[in-house]
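Each chain, written out:
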Amino acid sequence: MLVSANYDDLIDAKMAIEHLGQTKPSIYHMFLNIIELTRQLNYGYQYMGALLMDEDPSEFKPVGQDEYVLSVYQKEIEKLKGDEKFYELKQLLKEYQQVSYANISKLALGNPPKELAGPTVIH
C-alpha cells in the first residue's frame, strides 16, 4: 500500500503527539513502549496500528513468527487498550490515520516531519 504524508499533516500529528505526552504522560509512555517493542520484534507499525484500532490486521501480520512471541505481543497491545486513558490515544490515531501508523510511530520516536513527508510504501 502506498501512503503519501503531507508535511502539514505530519507537523499537526507531531504537535498532537507532544500534547498527548504533556497531558497524558502515562498513556504516552505506554504507547512508546509498544512502538519500541514493535520495532525490536521487527513487526510492522501498520500491524500495531491495526491491532490498536480493532482493524483487520491480517494483511500486516508478521509471517514466520513464533506464535508464543506473537501472543505475548498481542497481550501487551491489550494491556495498552485496557488503560483508562487509551481513548485519548485512540482519538489521536484515528484523527491522523491518513498520515499512517508508521509515520505516527516514527514521529513519537522523534523523527522530524521533514524526513517523513512524501510517498511511502506500507507493508
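Bear in mind that the values here come from a model prediction, so they are computed numbers and not experimental data. The residue numbers shown here count from 1 along each chain, following its written sequence. Per-residue local features are limited, in this predicted model, to residues with pLDDT of at least 70; the limit for side-chain atom pairs, both in listing and counting, is 80 or more; totals at the level of whole chains, interfaces and linings are taken over all residues. Hydrogen atoms and water are omitted, and side-chain values are computed over all heavy atoms in the structure.

> Any details on the overall build of the protein chain? Residues and values, ideally.
Secondary structure assignment for the protein chain yields seven helices and two strands. Numbering goes from the N terminus for both helices and strands, where a helix is a DSSP run of H or I of at least four residues and a strand is a run of E of at least two. Across the protein chain, helices and strands are ordered from the amino to the carboxyl terminus as β-α-α-α-α-α-α-α-β. Taking 14 Å as the expected radius of gyration for a compact globule of 123 residues, we find that the protein chain reaches 14 Å, a close match to that expectation. The dimensions of the protein chain, computed from C-alpha atoms along their principal axes, are 40 × 35 × 20 Å. Per-residue accessibility, obtained with a 1.4 Å probe over protein chains only, is compared with the maximum for each type, and a residue is labelled buried under 20%, exposed over 50%, and partly exposed between these values. Taking all 123 residues of the protein chain together, 41% fall into the buried category. Every residue pair with non-hydrogen atoms within 4.5 Å of one another is taken to be in contact. Within the protein chain, counting contacts between residues at least 6 apart in sequence, those at least 24 apart form 75% of the total. Of the roughly 7000 Å² of accessible surface on the protein chain, 51% is carried by carbon and sulfur atoms. The charge count treats Lys and Arg as positive and Asp and Glu as negative. His and the chain ends do not count. By convention, charge coordinates are those of NZ in Lys, CZ in Arg, CG in Asp, or CD in Glu. Across the protein chain, the mean location of the 12 positive side-chain charges is 3 Å away from that of the 18 negative side-chain charges. In this setup the radius of gyration rests on C-alpha atoms only. A globule is expected at 2.2 Å times the number of residues raised to 0.38. Values of accessible area rely on a 1.4 Å probe in the Shrake-Rupley scheme; residue burial ignores everything except the protein chains shown.

> Lay out the packing of aromatic side chains in plain terms, naming residues and giving numbers.
Two rings belonging to Phe, Tyr or Trp (six-membered ring only in the last case) form a pair when the distance between their centres is within 6.5 Å. Interplanar angles under 30 degrees mark stacking, angles over 60 mark edge-to-face geometry, and anything in between is tilted. Under the definition given, this model contains three aromatic pairs. Arranged with centres 6.1 Å apart and planes meeting at 85°, the rings of Tyr43 and Tyr47 form a pair that is edge-to-face. Between Tyr47 and Tyr73 the ring centres are 6.1 Å apart and the planes differ by 20°, which places this aromatic pair in the stacked class. Pair noted here: Tyr47 is in helix α3 (residues 45-52) and Tyr73 is in helix α4 (residues 67-82), with a separation of 26 residues, a long-range link. The class of Tyr73 is buried, set by a relative accessible area of 0%. Members of the aromatic cluster, joined through ring pairs, are Tyr43, Tyr47 and Tyr73.

> Before we move on, could you go through unusual backbone geometry and cite the residues and values that matter?
In the Ramachandran plot, Asn42 falls in the positive-phi region, its phi being about 60° despite a non-glycine side chain. Residue Asn42 is classed as exposed on the basis of its relative accessible area of 68%.

> Go over the pattern of salt bridges with me, naming the residues and quoting the values.
Any two side chains of opposite charge can pair, given that their charged atoms come close. A pairing counts as a salt bridge when a side-chain nitrogen of Lys or Arg comes within 4 Å of a carboxyl oxygen of Asp or Glu. Counted under the stated rule, the structure contains seven salt bridges. Residue Lys14 pairs with Glu18 through a salt bridge whose shortest N-O separation is 3.5 Å. Of this pair, Lys14 and Glu18 both sit in helix α1 (residues 7-23), four residues apart, which is roughly one turn of the helix. Note on Glu18: relative accessible area 40%, which makes it partly exposed. The residue Glu76 makes a salt bridge to Lys79 at a minimum N-O spacing of 2.9 Å. Placement of both Glu76 and Lys79 in helix α4 is noted, with a separation of three residues, approximately one turn of the helix. The network of salt bridges with shared partners includes Asp54, Glu78, Lys81 and Lys90.

> Run through α3, naming residues and quoting values.
Of all eight residues in α3, eight are buried; the element is thus mostly enclosed. Buried residues of α3: Tyr45, Gln46, Tyr47, Met48, Gly49, Ala50, Leu51 and Leu52, and no others. Summarising the contacts, the buried residues of α3 are in contact with α2 (25-40), α4, α5 (86-95) and α6 (101-108). Positive backbone phi, at 55°, marks Asp54, one or two positions downstream of α3.

> Requested: an account of α6, with residues and values cited.
Judged by how many residues are buried, α6 sits mostly within the fold: seven of eight residues are covered. Turning to α6, its buried residues number three or more, namely Tyr101, Ala102, Asn103, Ile104, Ser105, Leu107 and Ala108. Following α6 by one or two positions, Gly110 adopts a phi angle in the positive range, close to 105°.

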